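Geometric and topological summary
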Amino acid sequence: MKIDKESIRKIAHLARLEFDESSAEKMSQDMSQILDWVEQLNEVDTTDVEPLTTMSSEINDMREDKVVSHLSHEAALKNAPKRDENYFRVPKVLE
């Protein structure tokens, strides 16, 4: 499957990517190869294959939920570099 430059521009706009014309050509070739590979996977017969829910065979070690002692509000704020009454004071992250 061939991805044209116009499709690359649309995808780049949606993904907020910027690249020059020579990079767009390379990106077009790479994405076409990826889609060709996916098409090859569609040709594989998977009728008797169970779907995977996880890639790992490990089993979660579940434990019982228990209420245990925890820090009091005051103890948690005790070592805070800055605090504002009952809250941690942190630098502003939004403008």
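Summary of the structure given here.

Conventions adopted
- Residues numbered from 1 in each chain as written.
- Predicted model: local features only at pLDDT ≥ 70, side-chain atom pairs only at ≥ 80, totals over all residues.
- Heavy atoms only, no water.
- Helix = DSSP H or I, 4+ residues; strand = E, 2+ residues; numbered from the N terminus.
- Expected span 1.5 Å × (residues − 1).
- Buried < 20%, exposed > 50% of the residue type's maximum accessible area, 1.4 Å probe, protein only.
- Arc of directions from axis to C-beta.
- Contact = heavy atoms within 4.5 Å.
- Patch = residues over 30% accessible without salt bridge, like charges linked within 9 Å, V, L, I, M, F, W, Y side chains within 5 Å.
- Areas by Shrake-Rupley, 256 points an atom, 1.4 Å probe, with all protein chains shown as cover.
- Salt bridge = Lys/Arg side-chain N within 4 Å of Asp/Glu carboxyl O.

Notes on helix 2 (residues 21-42)
Over its 22 residues, helix 2 extends 32 Å from the first C-alpha to the last, a length consistent with the 32 Å expected when each residue adds 1.5 Å. All of the buried residues in helix 2 are A24, S28 and S32. The arc enclosing the buried residues of helix 2, seen along the axis, measures out at 80°, which places them on a common side. In helix 2, the exposed positions angled more than 90 degrees off the buried face are occupied by S22, Q33, I34, W37 and Q40. On the buried face of helix 2, the contacting elements are helix 1 (5-14).

Structural notes on unusual backbone geometry
Here the phi dihedral of R16 falls at roughly 55°; this positive angle occurs in a residue that is not glycine. Among the residues examined, R16 registers a relative accessible area of 65% and is labelled exposed.

So, a nonpolar patch on the surface
On the surface, I34, W37, V38, L41 and V44 cluster together to form a nonpolar patch covering roughly 480 Å² of accessible area. Position of V38 among the secondary structure elements: in helix 2.

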